[in-house]
Amino acid sequence: MEKRAVTMEKLVALCKARGIIFPGSEIYGGMGNTWDYGPVGVEIKNNIKRAWWKRFVQESDNSFGVDAAILMNSRVWEASGHTTSFSDPKMDCKQCKTRHRADNLIEAHSKGAVNPDVMSNEDMEAYIREHKVHCPNCGGFDWTPIRTFNLMFETSRGVTDESQNKIYLRPETAQGEFVNFLNVQRTTRAKVPFGIAQIGKAFRNEITPGNFIFRTIEFEQMEHQWFCKDGTDAEFYAQFKEKAFTFLVDLGFKKEHLRFHDHDKLAHYAKAACDIQYLYPMGWQELNGIHNRTDYDLSRHQEYSGKTMTYIDPVNGERFIPYVIEYSIGADRLMLAVLSEAYDEEPLEGGDVRNVLRFHPAIAAYKAAVLPLQKNLSPQAKELLATLKKYFSVTYDEAGSIGKRYRRQDEIGTPFCITADFDTVENGTFTVRDRDTMSQIRLDANGIIAFLTEKTAF
Ligand code: GAP
């Protein structure tokens, strides 16, 4: 088995030290399962979202974006089934008063050998009793029966108490795509099959085992719904599995760190469902999902809203409610996978170790760092910086030895370091150092723009 340098502890420490991700509300002692992206992290995450959007909207022949409201009419969540069945099975430890997910307790106890997804609440309670699954917090064995808790965060709207209405923070972005199906179809004149994509925040009141940004209560989803005709759905389901996998490989993931996992238990409306799992530092876990949701979503919205969701084929006049192939991935969960995959410790001559994030250059926060070899070369370096900033996200550093400055950029994954040195004064060229190979070439400002444009494209 391949030995990887990455551990969750190292990632969390690096992210905090280098401005990638900080604990949420830290000065108040934190707030469980919330994280804030710092100056470097926000750039990386934006680049991940940009790469996804480029692949699934910009480069697609027939996919369109929306940015729907987070707060939606409560009827949306009745139609989608979230008000009645979006819940986790939870048990309280009577001894230390902590709350736990029964399915997580079983998965951890059996080291993944038992799949709680296919068990009823009674089966899970029986397993926990028979296998004497203890509380991971206090070691006690005194559980309440399983109770189900809805995962949606509730809030209320209205200016006076009397007019308050319960509303929800959306637990997925998908419904904003479904309710706009005909708006998008009409305004783009798209013909089925076509897709609607969205990137946005979602909220779930989850109990999580604390794997950094893997599962949080506030997160971003990148979701794509493909509307197609019944009978073509199986083919498109296979296509989206392939497309989702290729996207990850193109981002730089090793194929052996990814695998498909077909769902054992399907939702009653689903025809097929699978995840792509990634080998995270804590083991294989879901990275994204691909689902054949049939015509369930649009049919339910037609039923609950009283408005037609029927598509009329412009060629033969046929009327039907399309099937949906959903591809859904968490931006933060992908960020954790990208960081885990990129993390490397490279032994150097003399016993030193170099920490490097070997991102795809398109994902790196800064495409280049401009460094004057000495302070008196900063005018040349700053002139180049001003030119490059018009085209790329670039950073500047003149503090410390050149070696230390290279290391700082390696640690945040900057693919190229560009140094102004004595030859710059003579002939206007700079050294361009490659993060991965540490090899150097010389280029002038126009050469650098062309070089970075080519090397950082996704
Ligand atoms: N619309 C379908 C849907 O929301 P899901 O499997 O619940 O399906 C899709 O979520 C993706 O969203 C997951 O594969 C994961 O990448 C991400 N995700 C879900 N819950 C999350 C959480 N609590 N924290 C971070 N990412 C999450």
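Higher on the page you've got the structure.
Keep in mind it's a predicted model, so treat the numbers as computed, not measured. (Residues numbered from 1 in each chain as written. Predicted model: local features only at pLDDT ≥ 70, side-chain atom pairs only at ≥ 80, totals over all residues. Heavy atoms only, no water.)

Draft legend 1. Region of the structure containing the site of the ligand. Taken together, 19 residues lie near the ligand, and Glu-172, Arg-204, Glu-206, Glu-223 and Glu-286 sit nearest. The separation between a nitrogen atom of the ligand and a polar side-chain atom of Glu-223 is 2.6 Å. Between a nitrogen atom of the ligand and a side-chain N or O atom of Glu-326, the distance comes to 2.9 Å. Protein contact buries 91% of the 550 Å² of open area that the ligand shows by itself. Counted by class, the shell around the ligand contains five nonpolar, six polar and eight charged residues. (Near = heavy atom within 4 Å. Polar contact = N/O pair within 3.5 Å; in protein donor to acceptor, adjacent residues only side chain to side chain. Areas by Shrake-Rupley, 256 points an atom, 1.4 Å probe, with all protein chains shown as cover. Nonpolar A, V, L, I, M, F, W, Y, C, P; charged D, E, K, R; others polar.)

Draft legend 2. Spatial organisation of a negative patch on the surface. Where like charges cluster on the molecular surface, the negative patch consists of Glu-107, Asp-117, Asp-262 and Asp-264. Summarising the element assignment, Asp-264 is placed in the loop between β11 (258-262) and β12 (272-280). (Patch = residues over 30% accessible without salt bridge, like charges linked within 9 Å, V, L, I, M, F, W, Y side chains within 5 Å. Salt bridge = Lys/Arg side-chain N within 4 Å of Asp/Glu carboxyl O. Lys, Arg positive; Asp, Glu negative; His and termini not counted. Charge placed at Lys NZ, Arg CZ, Asp CG, Glu CD. Helix = DSSP H or I, 4+ residues; strand = E, 2+ residues; numbered from the N terminus.)

Draft legend 3. Region of interest: the sheet that holds strand β10 (residues 218-228). Spatially, β3-β9-β10-β16-β13-β12-β11 is the arrangement adopted by the seven strands of the open sheet, whose pairing is mixed. Where the open sheet ends on each side, the last strands, each with one partner, are β3 (63-65) and β11. With strand direction ignored, the average angle separating the axes of adjacent strands in the sheet is 25 degrees. Pairing geometry for β3 and strand β9 (residues 194-203), over three bridges, is parallel. By the bridge assignment, Gly-65 is partnered in β9 with Ala-197. Lying over the sheet, helix α8 (residues 181-188) contacts β3, β9 and β10, oriented at roughly 135 degrees with respect to β9. In the packing of helix α9 (residues 233-251) onto the sheet, the strands contacted are β10, β11, β12, β13 (283-292) and β16 (323-330), and the crossing angle to β13 comes to about 145 degrees. (Pairing = 2+ DSSP bridges. Axes fitted to C-alpha atoms, helices over the stretch in contact; angles between N-to-C directions. Contact = heavy atoms within 4.5 Å.)

Draft legend 4. Summary view of the sheet that holds strand β23 (residues 440-443). Pairing is mixed in the open sheet, where five strands are placed in the order β20-β19-β21-β22-β23. Of all the strands in the sheet, just β20 (394-396) and β23 have a single pairing partner and so form its edges. This sheet shows a mean twist of 25 degrees between the axes of neighbouring strands, independent of strand direction. Bridge count for strand β22 (residues 430-434) against β23 is four bridges, and the pairing is antiparallel. Looking at β23, one finds that Val-432 is bridged to Ile-441. Each of β19 (368-372), β20, β21 (416-420), β22 and β23 is contacted by helix α13 (residues 402-412), which is oriented at about 170 degrees to β19, the strand it contacts most.

All we've got here are geometric facts, nothing functional implied.
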